[in-house]
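The residues making up each chain are set out below.
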Amino acid sequence: FSMEKERLTQQVGNWMEAKAPSEDSPASKAKPPRSYPLSIVAALAAAIALLYLIWLFFLQQPPTPTQQVQQHMALYHADPIILRGQQAEKWQQAIQLYKYRDFEQMITTMRPIVIGPIASLEQLFYIGFAHLYASPPALDSTLHYFARSTQRDSVTYQEDIDWYTSLIYIKQGKIEQARTLLTTISTSTSPYQERAAPLLQSLPN
């Protein structure tokens, strides 16, 4: 029995020795997880908090009048349509150019149309927009064609004309003229009423 016990003990010892990780095994080469000093962790946390506060500060700042004007002008007015009696080829071409946002070419195409009293209300209105959206924009030309539109019909496009004229006045630095128009728009039933109110509040005194 003693001999058998000694033999089993030796076998268990050999087995344990065979299972022990060698110096070249992955287990023996595993490194303990890296720990960072507390000061570095605190500095990173402070930097993240500072960036968040800066982002929050600028997020809460209302956009300036100029920024708001740029945002509003970036939304193109609705595409023109061909009304009965306006089936001229050049006008059809001008409408397509507006849809493709090729405003410079649209102006060139429409110049023969808008000379004299032959131009329709819609043509005068949209060539005004073509000058507004051109690069660079021709703001005085836009106001000129808007004025001609108003002379032709002081109702149909007047809410649009007042709104875009107020944006042009802000870009030109004519703050009081813009304020007058925006005040009228913000107290009316104009579809631009909700846009006019915050823009009016942002104007400098």
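These lines cover the structure that appears in this document, whether it is placed above or below. (Residues numbered from 1 in each chain as written. Predicted model: local features only at pLDDT ≥ 70, side-chain atom pairs only at ≥ 80, totals over all residues. Heavy atoms only, no water.)

### Brief notes about unusual backbone geometry
Here's step 1: Look at the link from Ser-135 to Pro-136: it is a cis peptide, with omega at 0°.
Here's step 2: By the secondary structure assignment, Pro-136 is in the loop between helix 7 (121–133) and helix 8 (139–152).
Here's step 3: A positive phi angle is found at Arg-101, which is not glycine, with a value near 65°.
Here's step 4: Inspection of the secondary structure puts Arg-101 in the loop between helix 5 (89–99) and helix 6 (103–114). (Helix = DSSP H or I, 4+ residues; strand = E, 2+ residues; numbered from the N terminus.)

### Structural notes on the packing of aromatic side chains
Here's step 1: Scanning the entire structure with this criterion turns up 15 aromatic pairs.
Here's step 2: Centre to centre, the rings of Phe-125 and Phe-129 are 4.8 Å apart; their planes meet at 90°, and the pair counts as edge-to-face. With Phe-125 and Phe-129 both in helix 7 and 4 residues apart, this pair spans about one turn of that helix. Taken individually, Phe-125 and Phe-129 each receive the classification buried, so the pair is uniform in this respect.
Here's step 3: Ring centres of Phe-129 and Tyr-164 lie 4.8 Å apart, and the angle between their planes is 90°; on these two criteria the pair is classed as edge-to-face. Of this pair, Phe-129 sits in helix 7 while Tyr-164 sits in helix 9 (residues 158–171); the two residues are 35 residues apart in sequence, bridging distant segments of the chain.
Here's step 4: A residue is classified by how much of its surface remains accessible, and Phe-129, at 0% relative accessible area, is buried.
Here's step 5: Residue Tyr-164 is classed as buried on the basis of its relative accessible area, which comes to 3%. (Phe/Tyr/Trp six-rings, centres within 6.5 Å; stacked < 30°, edge-to-face > 60°. Buried < 20%, exposed > 50% of the residue type's maximum accessible area, 1.4 Å probe, protein only.)

### Structural notes on the pattern of salt bridges
Here's step 1: Enumeration over the complete set of coordinates arrives at 2 salt bridges.
Here's step 2: In this structure, Glu-176 and Arg-179 form a salt bridge, with 3.2 Å as the shortest nitrogen-oxygen distance. With a gap of 3 residues between them, Glu-176 and Arg-179 both fall in helix 10 (residues 175–186), about one helical turn apart. (Salt bridge = Lys/Arg side-chain N within 4 Å of Asp/Glu carboxyl O.)

### A word on the nonpolar core
Here's step 1: Counting residues in hydrophobic clusters, the biggest one holds 45 residues, and the most contacted among them are Phe-129, Trp-163 and Tyr-164.
Here's step 2: Those elements that provide at least two residues to this core are helix 4 (65–73), helix 5, helix 6, helix 7, helix 8, helix 9, helix 10 and helix 11 (193–202).
Here's step 3: Of all the elements, helix 7 adds the most residues to this core, at 9 residues.
Here's step 4: Dropping the residues within four chain positions of it, Phe-129 is found in contact with His-77, Tyr-98, Phe-146 and Tyr-164. (Core = buried A, V, L, I, M, F, W, Y, C linked by side-chain atoms within 4.5 Å. Contact = heavy atoms within 4.5 Å.)

### Quick notes on helix 9
Here's step 1: Relative to the 20 Å expected for 14 residues at 1.5 Å per residue, helix 9 spans 20 Å between its end C-alpha atoms, a close match to the ideal helical length.
Here's step 2: Counted residue by residue, helix 9 has 11 buried out of 14 residues, so it is predominantly covered.
Here's step 3: The set of residues buried in helix 9 consists of Gln-158, Asp-160, Ile-161, Trp-163, Tyr-164, Thr-165, Ser-166, Leu-167, Ile-168, Tyr-169 and Ile-170.
Here's step 4: Count one or two residues on from helix 9 and you reach Gly-173, which has phi positive near 80°. (Expected span 1.5 Å × (residues − 1).)

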